[in-house]
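Observations on the three-dimensional arrangement
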Amino acid sequence: MGAVRPRISLPRSFASSMHAFANPARFLRIARPLTPVLLLSGLAITAAALVYGLFFAPAERLQGETVRILFIHVPTAWLGMGGWTAIAIASLVELVWRHPLAALAARGAAVPGAVFAAVCLATGSIWGRPAWGTWWVWDGRLTSMLVLLFLYIGYIALAGAVQREGGSSRIPAIFGLVGAVNIPIIHYSVIWWNSLHQPPSLGMGSSAMAAPFLWGLLAATLGFSLLFGGVVLARMRALLADIQAEARLRRKAQEV
Amino acid sequence: MREALDQWTFVIAAYVVGVGATLALVLWSWWAMRRAERRRDKARGK
């Protein structure tokens with residue numbers, strides 16, 4: 001039996017509300033109706049925002065029609081980074097408070113995070129060709145985003161191997177926390193280093209973006225975020241069902 | 001000499017990549033979830 005680790009004490013209300021969702025049955029009671037709601041509303045809002053971006057948004061003075069790529073590229077970039085932030089927070093919760101669903105939440109965020117990081121890189125490359133005259137440059141923003149995609153792939157492989165081989169779930173959790181160092185590097189890369197990539201157009205409460213682009217972008221971000229949430233819940237339900245099926249099959253095999 | 005690039009080609013390519021990958025992600029996640037939950041229910045003997 002392992003040594004008992006000291007737990008960090010939390011305010012009673014926070015700890016009890018966090019652990020209220022530790023029960024898989026309670027989690028499923030919430031996740032079952034929420035998953036289709038998030039996915040369907042996400043699909044509807046994303047479709048509306050992209051139709052607006054493709055057919056109704058005006059062309060931009062300097063970038064012309066290619067500015068329409070903004071409505072896919074920027075939300076997927078934010079969610080690519082947001083996905084790893086979610087992994088890091090869930091990993092911290094797992095390592096410190098050993099919340100039973102935290103590892104599932106981290107694994108659930110990995111695949112959609114990786115897909116959105118890949119879409120961000122692909123659409124950025126497609127946008128770069130007419131805007132910069134090149135598909136790719138090894139500058140800080142593009143390289144750190146590519147590193148994020150590799151981190152996702154490494155995390156998915158590591159977490160899968162740990163589940164398959166029966167290792168400790170703390171190993172991918174540590175990887176998730178350490179990998180979070182890349183998130184501020186991506187964010188500040190365009191400020192720290194010379195880059196073809198433009199600096200941020202949106203700050204906290206400030207925007208350098210014209211209203212027709214800003215509102216379309218916010219709608220697309222909302223739609224993609226709802227889809228992200230729905231996919232995370234679907235992945236968590238799939239991982240939980242796999243664990244429950246394996247446990248049941250093992251018990252049945254022992255009874256024979 | 002300036003290259004003549006049709007901007008719409010790049011826009012459409014980006015939308016095909018983005019929409020295609022997102023739809024594939026949503027459909028695969030839903031299908032994988034349903035398959036895993038059916039397998040669990042079968043293991044429980046339901």
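Cut-off values and rules
Residues numbered from 1 in each chain as written. Chains lettered and ligands numbered in written order. Predicted model: local features only at pLDDT ≥ 70, side-chain atom pairs only at ≥ 80, totals over all residues. Heavy atoms only, no water. Axes fitted to C-alpha atoms, helices over the stretch in contact; angles between N-to-C directions. Helix = DSSP H or I, 4+ residues; strand = E, 2+ residues; numbered from the N terminus. Parallel < 35°, antiparallel > 145°, perpendicular 65-115°, else oblique. Contact = heavy atoms within 4.5 Å. Nonpolar A, V, L, I, M, F, W, Y, C, P; charged D, E, K, R; others polar. Buried area = accessible area lost by both parts, 1.4 Å probe. Salt bridge = Lys/Arg side-chain N within 4 Å of Asp/Glu carboxyl O. Polar contact = N/O pair within 3.5 Å; in protein donor to acceptor, adjacent residues only side chain to side chain. Left-handed = near helix turned anticlockwise from the far one by under 90°.

Quick word on the packing of helix H4 (residues 102-132) of chain A against helix H1 (residues 7-43) of chain B
- In contact at an axis separation of 9 Å, H4 of chain A and H1 of chain B are set at 175° when each is read in the N-to-C sense. With respect to H1 of chain B, the axis of H4 of chain A lies roughly antiparallel. On H1 of chain B, the residues that touch Val111, Pro112, Val115, Phe116, Val119, Ala122, Thr123, Ile126, Arg129 and Pro130 of chain A of H4 of chain A are Phe10, Ala13, Ala14, Val17, Gly18, Ala21, Thr22, Leu25 and Trp28 of chain B.
- Each residue belonging to the contact of H4 of chain A with H1 of chain B can be placed in one class, and the counts come to 15 nonpolar, three polar and one charged.

Remarks on the interface of chain B and chain A
- Between chain B and chain A, the residue contacts involve 30 residues of the former and 43 residues of the latter.
- When the two sides are added together, the surface that chain B and chain A hide from each other amounts to roughly 3,200 Å², 72% of it contributed by carbon and sulfur.
- Contact with chain A buries surface across chain B, with Phe10, Tyr15 and Arg40 of chain B losing the most and accounting together for 20% of the total.
- Counting every contact that joins chain B to chain A gives three salt bridges.
- Note that arginine 39 of chain B is salt-bridged to glutamate 246 of chain A, the shortest N-O span being 2.4 Å.
- At the junction of chain B and chain A, the tally comes to seven residue pairs in polar contact (both at pLDDT 80 or more).
- Partitioning the side of chain B that touches chain A into residue classes produces 19 nonpolar, five polar and six charged.

Focus on the packing of helix H5 (residues 140-165) of chain A against helix H7 (residues 182-192) of chain A
Residue and element names in this part refer to chain A.
- Axis separation between H5 and H7 bottoms out at 8 Å; the angle between their running directions is 160°. With respect to each other, H5 and H7 are oriented roughly antiparallel. Crossing geometry of H5 relative to H7 is assigned as left-handed. Touching Gly140, Arg141, Ser144, Met145, Val147, Leu148 and Leu151 of H5 are Asn182, Ile183, Ile185, Ile186, His187, Ser189 and Val190, all from H7.
- Of the residues that constitute the contact of H5 with H7, the class distribution is eight nonpolar, five polar and one charged.

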